[in-house]
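The residues making up each chain are set out below.
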There are 2 protein chains.
Amino acid sequence: MRRPVLSIVHAVLACALLASAVHAETVATVASPNDVLTVEIDLHEGRVGYRVERFGEPVIETSALGFMLRGSGKLERNLALTDTATRSFDQTWEQPWGEDRHVRNHYNELRATLTETVAPRRTFDIVFRVYDDGIGFRYGFPEQAAADELIIDDELTEFALADPATAWWIPAGEWNRYEYLYNRTPLSEVTTAHTPMTVRTEDGLHIAFHEAALVDYAGMWLRRTDGRRFRAQLAPASEGWKVRRTLPFNTPWRTLQIADSAAALYESSDLILNLNEPNRLGDVSWFTPAKYVGIWWSLHLEDESWATGARHGATTANTKRYVDFAAEHGFRGVLVEGWNPGWDGQWFGNGYDFDFTRATPDFDIEALSAYAKSRGVHLIGHHETGCAVSHYEEQMADAFAMNQRLGIDVVKTGYVCDAGGIERRLPDGSITREWHDGQWNAGHHLRVLEAAAKHHVAINAHEPIKDTGLRRTYPNWVSREGARGMEYGAWGNPTNPPEHEANLVFTRMLSGPMDYTPGILSLQGRGQAIQTTIAKQLALYVVLYSPVQMAADLPENYARHMEAFQFIKDVPADWARTEVLNGEVGDYVTFARKDRNSADWYLGSITDEHGRVLQVPLSFLEPGRRYTAQVYRDGDGAHWQDAPFAFERESFEVTSADVLTLRLAAGGGQAVRFVAQ
Amino acid sequence: MRRPVLSIVHAVLACALLASAVHAETVATVASPNDVLTVEIDLHEGRVGYRVERFGEPVIETSALGFMLRGSGKLERNLALTDTATRSFDQTWEQPWGEDRHVRNHYNELRATLTETVAPRRTFDIVFRVYDDGIGFRYGFPEQAAADELIIDDELTEFALADPATAWWIPAGEWNRYEYLYNRTPLSEVTTAHTPMTVRTEDGLHIAFHEAALVDYAGMWLRRTDGRRFRAQLAPASEGWKVRRTLPFNTPWRTLQIADSAAALYESSDLILNLNEPNRLGDVSWFTPAKYVGIWWSLHLEDESWATGARHGATTANTKRYVDFAAEHGFRGVLVEGWNPGWDGQWFGNGYDFDFTRATPDFDIEALSAYAKSRGVHLIGHHETGCAVSHYEEQMADAFAMNQRLGIDVVKTGYVCDAGGIERRLPDGSITREWHDGQWNAGHHLRVLEAAAKHHVAINAHEPIKDTGLRRTYPNWVSREGARGMEYGAWGNPTNPPEHEANLVFTRMLSGPMDYTPGILSLQGRGQAIQTTIAKQLALYVVLYSPVQMAADLPENYARHMEAFQFIKDVPADWARTEVLNGEVGDYVTFARKDRNSADWYLGSITDEHGRVLQVPLSFLEPGRRYTAQVYRDGDGAHWQDAPFAFERESFEVTSADVLTLRLAAGGGQAVRFVAQ
């Protein structure tokens, strides 16, 4: 006999209404569909908290819930449980593009309504959705007599980990971006962290903290307050508060992914998507997942410049060369940065000269768009705001209209700021500064998406707000940066170390696609080497998911590595299914992904500064079918430092019954295409 | 182009013959077949050392080689390299019984001959065999003018780990057995450890230290001398030295298994077998791997006694009951402890009253053997020495002859000592005491095996010397104890904690089979609970390998758990193939094993005190074939402490393309039989 999955402790509900119990009482509880996770809501002297157990063992100790509100003080005591409701949900939905075509959304939900027992008798809901591999919860404020609007000075939500752990994290609240190398420290040494933050206990439990559906609210940082206890710290607004909202509203979902292995942790990321609202754009078949090339790496190498003049990259002739290269090798997109006026001065943090509807004189955008179209290629737009965000908002409708007319159906946006942050123009014309992940800029990104969608344009945001799964609701938000990408290989000091991508997979990538811009087969930045082997560059196309995926190196460099380049030409950017075959946070990972448009599978495996031998059963392949495995591997003696170009390509027949031995060099990787026969 | 796998640096050989280079010089090097591991032999001012690299990164920093010899002092300086030889070897051999029917032995070998440049100009070889997943090396002393015999006071072999690590280990040199709970500490907190000792670096490299082919030599302990540097410390002989040997001789192999995951570490254990000599017993088909029951758990519960009298377990009537139970449920063996005279006094550490050729008056061994035979059952012998080992040696030939006559083809031996250790009678009749793993007792075990083999008897040694893979050479050494077994669940203080078996798998079990005696479905010891769920007891039959595997609980207890007992009846004790599907040292592990005598597969998965959700692709199954999965799992809400009996059995069809989700309760497990259709 299964015990009931939802058991609300109605008996103590009346009890909780009496003001002062001495000990915390569990007033409601909900278990995941297969009884793996359990959430309990406690009341203790009118304060509400929650705790999480897994197989009967604590994962999150009792943690507070509540708010500091402007004017009316704390909303976290004198609370009584006045209503509960439960729900079981099991639905599989289809993604227009993504890592998996079908996503199952299977949870049990508990809604608990808390009401103050004294004036002003405010009321709010806490809603928990409990999956076997994670939890989401949010606050909901219904319409009520006690308030029309809330100004939130702080969210008091806590996350108190039961066990010591190692944490992988980047600092929050210091700089207006996410472009840090990941720290690996004891949990007790975390200060204030961005999400996703990933931790692993000594006993191998993996937990990732993040949020879903960050809409009209401030982004959440995690501030360690004591021991293993963290508190949600919201990104501030320029007005001094954190969030201002009219009732009714819901907060974003606070999410915990909980799994036994790094691989399972990655696969539990469906939670983020599931907690977002369904597609509100309707048919988005106008977006085509695809690879692209472009005038980009040459700029980071300083061989060419964004600014006009002798080294200007975005010229008609140079772009034509890239269009030809794209057409010849089957790339759909050609990104051109520096195509528009505004780059010639001190533009970053001061992008008021940018014009998004006009090209520079040496860039014949009309002729190039027509030429691209004749060759089956699309230009990719570039909207660097230099952080003059209101300035950009004023032009974006016209810009997207022009994009649509010219067949430019993907636009890369950019928000390169100085230390001050995002520039927002107030009604009086004065400029104030906002955090990238504050409430105002969260709203900006959605305004861009809505404006772009009207013209069937997809957005790939750089220096963006973090990904909270809004691509489910706005499927034209196809990718973003939001971490240290390949350009740090050109000029980073330090450059990205060999462990960087193995960190990213289990932290940043839990949140969604990243436009990492891999494929630098020359392995050479601006006077510094890129710290991977050549095979690892190929593997990144499978490992780091993005539906717009760049072949970032120069055409002339690809010409010198045509054997390896073949994999970049072959690998798709849209998948029917994804499996994480193995991995450890920060150490290594192997992905298998099935092409959405053929029966082929692709494998990508990467490691950090240590070589690895990994046995990979090919059980993901269709049983009974034969495949040709086209293997791109580190050559004997390969090493990211000494011998990064040692590289072998080989080919043999396999079936789902075979086991492949991957030998990854230090800093190396392996890519495989399995061609179905 | 592959580079040559073996490259001896002949150029520096001459150089090394010159006495005093200032820096260490690499004088010879050998790489593993796929270039994963490399061993370098260095000379530095006449001292010899070795180092190990993996994918070009150090695993073992330069570590000393050599000996302290009685009379002639250190053999470790003034050395010159006088010869080198290399060999590549690749052979697959068949085990008469085991975890895998076929074992591949694929290595590159380097033999380096070192000779003293000054008198007495002794010479010895160091032989390295380098596999992709480990290394074995040993010393060889050829016949030479300088010495006829060596008395070894100490072996100076070092193991200097390159990186910090966590170690799983039990202390050596304190007590005359291996029955400890495993420590998990930083490597830098290890004192002196038994082997196998397993370590995991921060970057996930797993290394296990052990030895192979411990013949006529003292067992090796690992003493930490400084930082991450260990030195071989040999178990002492009663004479005061460690080892005395006539030339020529080889030492045992010092082994390092090196892998990227806990699962791969387990699978690398073939190394231990491969470094042993082939079967010298010829046809051993007279040994039949099988399960057994017996008069054993009742003794540990103190419901019955080894001693004669009212509670004597080994009576004719009681044994007949066990024979009937065995026959009814398909068990081949019935172990009877306390069957012979010697148990009535203070026998442990004082086993001079034991008689191995005569039964107690209430145990009609002749009639019982005949009755067992009539029911298709074999009695299993029991030779508890009480540590009077010479006393036992005097009788063992007669005892094995009697065993053979009575169809008793497996004998469990025992060496329960007091603190003094193994009792050895000297020629003058006086008694001296030896370590379990000293040179003399290493020899004793082989004398038992040879005497037993003459009568087609297989040996299952308890309180034994550690396993160093000698079952390859003596395939009648079928199992042993050598760690804390299930009896600690009856009376252990503390009892075996939930993590115990997950520690054993990746430490003790790397060395070979263990007679753990699982299957206590009553989960009840002597006034204390066994710290597992019922499903975990079943899973142990697949997880802890032994070709003689006990169903250790009382018949009346099995009668109360017939649904779970069915798995114990079905599971075989001999395998065609073994795969470790996942695992972390001390946390959890999942095995799949194929029956050697059918097309069925079995799966066993266990966890420590934490529940786990594990996704297991069934890719080990034969593609295209349908199987009925008979699942024995933890029930909802199961927990080793609160609800250990929550248990479910279910059955469904699967193929190799399916993925099974295992949900293991805290302290739980899961067992599956896949019945081929």
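Residues numbered from 1 in each chain as written. Chains lettered and ligands numbered in written order. Predicted model: local features only at pLDDT ≥ 70, side-chain atom pairs only at ≥ 80, totals over all residues. Heavy atoms only, no water.

### Description of the interface of chain B and chain A
Keep this limit in mind: Any two residues whose heavy atoms approach within 4.5 Å are treated as being in contact. Joining two parts hides part of their accessible area as seen by a 1.4 Å probe, and the buried area is that hidden amount summed over both. Here, a salt bridge means any side-chain nitrogen of Lys or Arg that lies within 4 Å of a carboxyl oxygen of Asp or Glu. A 3.5 Å cut-off defines polar contacts: any pair of N or O atoms within that distance qualifies, except that in protein one atom must be a possible hydrogen donor and the other a possible acceptor, and neighbouring residues in sequence count only when both atoms are side-chain atoms. When residues are grouped by polarity, Ala, Val, Leu, Ile, Met, Phe, Trp, Tyr, Cys and Pro land in nonpolar, Asp, Glu, Lys and Arg in charged, and all others, Gly among them, in polar.
Facing 40 residues of chain B, the contacting portion of chain A comprises 40 residues. Across the chain B to chain A interface the summed buried area is about 3300 Å²; carbon plus sulfur atoms make up 43%. Linking chain B to chain A there are two salt bridges. For A:Arg612, the salt bridge goes to B:Asp260, with nearest N and O atoms at 3.6 Å. Applying the counting rule to chain B against chain A returns 12 residue pairs in polar contact (both at pLDDT 80 or more). Broken down by class, the residue content of the side of chain B that touches chain A amounts to 13 nonpolar, nine polar and 18 charged.

### Here's the deal with the UniProt feature "domain: Glycosyl-hydrolase 97 catalytic" (unreviewed entry) in chain A
Where we set the bar: UniProt positions are given in the numbering used here, feature names are shortened, and annotations may be inferred rather than shown by experiment. For helices the rule is a DSSP run of H or I covering at least 4 residues; for strands it is a run of E covering at least 2, with both sets numbered from the N terminus onward.
Mapped onto this numbering, the UniProt entry gives "domain: Glycosyl-hydrolase 97 catalytic" (unreviewed entry) at residues 296-483 of chain A. Annotation note: span residues 296-483 of chain A, helix share 32%, strand share 17%, distance between end C-alpha atoms 17 Å.

### Some points on the sheet that holds strand β12 (residues 158-161) of chain A
We apply this condition: For two strands to be treated as a pair, DSSP must find at least two bridges joining them.
One open sheet accounts for eight strands, arranged β1-β2-β3-β4-β12-β19-β18-β15 (chain A); its pairing is antiparallel. With one partner strand each, in any of the chains shown, β1 (25-31) and β15 (192-193) of chain A form the two edges of the open sheet.

### A few points about the packing of helix α11 (residues 534-543) of chain A against helix α13 (residues 562-570) of chain A
Residue and element names in this part refer to chain A. Spelled out, the test is: Only the contacting stretch of a helix is used when fitting its axis, a line to C-alpha atoms as for every element, and angles between N-to-C directions run 0 to 180 degrees. In what follows, roughly perpendicular refers to angles from 65 to 115 degrees, roughly parallel to angles under 35, roughly antiparallel to angles over 145, and oblique to any angle outside these ranges.
Where α11 contacts α13, the two axes come as close as 10 Å, and the packing angle between them is 5°. Here α11 lies roughly parallel to α13, going by the angle between them. On α13, the residues that touch Leu538, Tyr541 and Val542 of α11 are Ala564, Phe567 and Ile568. Of the residues in the contact of α11 with α13, the class split is six nonpolar, no polar and no charged.

### Some details on the environment of A:Arg54
For clarity, the threshold we go by: Burial classes follow relative accessibility: with a 1.4 Å probe on protein chains only, a residue under 20% of its type's maximum area counts as buried, one over 50% as exposed, and anything between as partly exposed.
Note on placement: A:Arg54 falls in strand β3 (residues 47-54). Classification of A:Arg54 as buried rests on a relative accessible area of 4%. For the pair A:Arg54 and A:Asp42, spaced 12 residues apart in sequence, the C-alpha to C-alpha distance is 17 Å. Each residue touching A:Arg54, except ones within four places of it in the same chain, is listed here: A:Val36, A:Leu37, A:Val59, A:Leu205, A:Ile258, A:Ala259, A:Asp260, B:Gly611, B:Arg612 and B:Val613. A polar contact of 2.7 Å, which involves the side chain of A:Arg54, links it to the side chain of A:Asp260.

### Digging into the side chain of B:Glu584
Counting through the fold element by element, B:Glu584 comes out in strand β32 (residues 575-584). Assessed through its relative accessible area of 13%, B:Glu584 is described here as buried.

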